[in-house]
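Overview (structure and organization)
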Amino acid sequence: MYDHYIALDWAKSNMALARMTGKSNKMRVMEVSSNLSYVKEYLRSLKGKKIFTVEETESSQWIYSELKPYVSKIIVCEPHRNKLLSEGAKNDKIDASKLVYLGQTC
């Protein structure tokens, strides 16, 4: 069990960062300009075990390498092989929320 389930939906100009704690099913999603330094600071501020999920994209290897020191575990999800990501409405906030749920099942 993790204290924080975090997911990132990254794009060149903006990103959606979602989080749920291990004690609550309340999802928090924020959409801000893409900034890896912001993500690092955000992760650093969270205490306890963290699992981080990101969709496989051109940037996922870079994101993985940069953020691995800040979390307990990283999951890179292949969106074409994951039914949860392909179903329903799509936008950055929705995708980040779905990625958090994927992190919970691992």
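Here, every reference points to the structure presented above.
Scope of this entry: the structure provided in the associated data block. (Residues numbered from 1 in each chain as written. Predicted model: local features only at pLDDT ≥ 70, side-chain atom pairs only at ≥ 80, totals over all residues. Heavy atoms only, no water.)

Looking now at the pattern of salt bridges. In this structure the tally under the stated criterion is two salt bridges. Residue Lys40 pairs with Glu66 through a salt bridge whose shortest N-O separation is 2.6 Å. With Lys40 in helix α1 (residues 36-45) and Glu66 in helix α2 (residues 60-67), this residue pair connects regions lying 26 residues apart in the sequence. Looking at Lys40, the relative accessible area reads 18%, which means it is buried. In this structure Glu66 comes out as partly exposed when scored by relative accessible area, which is 29%. For Arg44, the salt bridge goes to Glu41, with nearest N and O atoms at 2.7 Å. Separated by three residues within a single helix, Arg44 and Glu41 lie in helix α1, roughly one turn from each other. (Salt bridge = Lys/Arg side-chain N within 4 Å of Asp/Glu carboxyl O. Helix = DSSP H or I, 4+ residues; strand = E, 2+ residues; numbered from the N terminus. Buried < 20%, exposed > 50% of the residue type's maximum accessible area, 1.4 Å probe, protein only.)

Attention now goes to the environment of Ile51. Looking at the secondary structure, you find Ile51 in strand β4 (residues 50-55). Judged by its relative accessible area of 0%, Ile51 is buried.

This brings us to the environment of Ser97. On the secondary structure map, Ser97 appears in helix α4 (residues 92-104). The residues contacting Ser97, other than those within four sequence positions of it, are Ala18, Met27 and Val29. Within polar-contact distance, the side chain of Ser97 engages the backbone oxygen of Lys93 at 3.0 Å. (Contact = heavy atoms within 4.5 Å. Polar contact = N/O pair within 3.5 Å; in protein donor to acceptor, adjacent residues only side chain to side chain.)

Looking at the secondary structure, you find Ala7 in strand β1 (residues 4-10). Classification of Ala7 as buried rests on a relative accessible area of 0%. Residues Ala7 and Glu55, 48 residues apart in the sequence, show an inter-C-alpha distance of 8.6 Å. In contact with Ala7, not counting residues within four places along its chain, are Ala16, Leu17, Ala18, Thr53, Ala96, Leu99 and Val100.

Buried within α1 are the following residues: Leu36, Val39, Lys40, Tyr42 and Leu43. Take α1 and look down its axis: the buried residues cluster within an arc of 165 degrees, on one side only. Buried residues belonging to α1 abut β1, β2 (14-21), β3 (28-33), β4 and α2. In this structure Asn35 caps α1, since a side-chain oxygen of it lies 2.9 Å from the backbone nitrogen of Ser37. (Arc of directions from axis to C-beta.)

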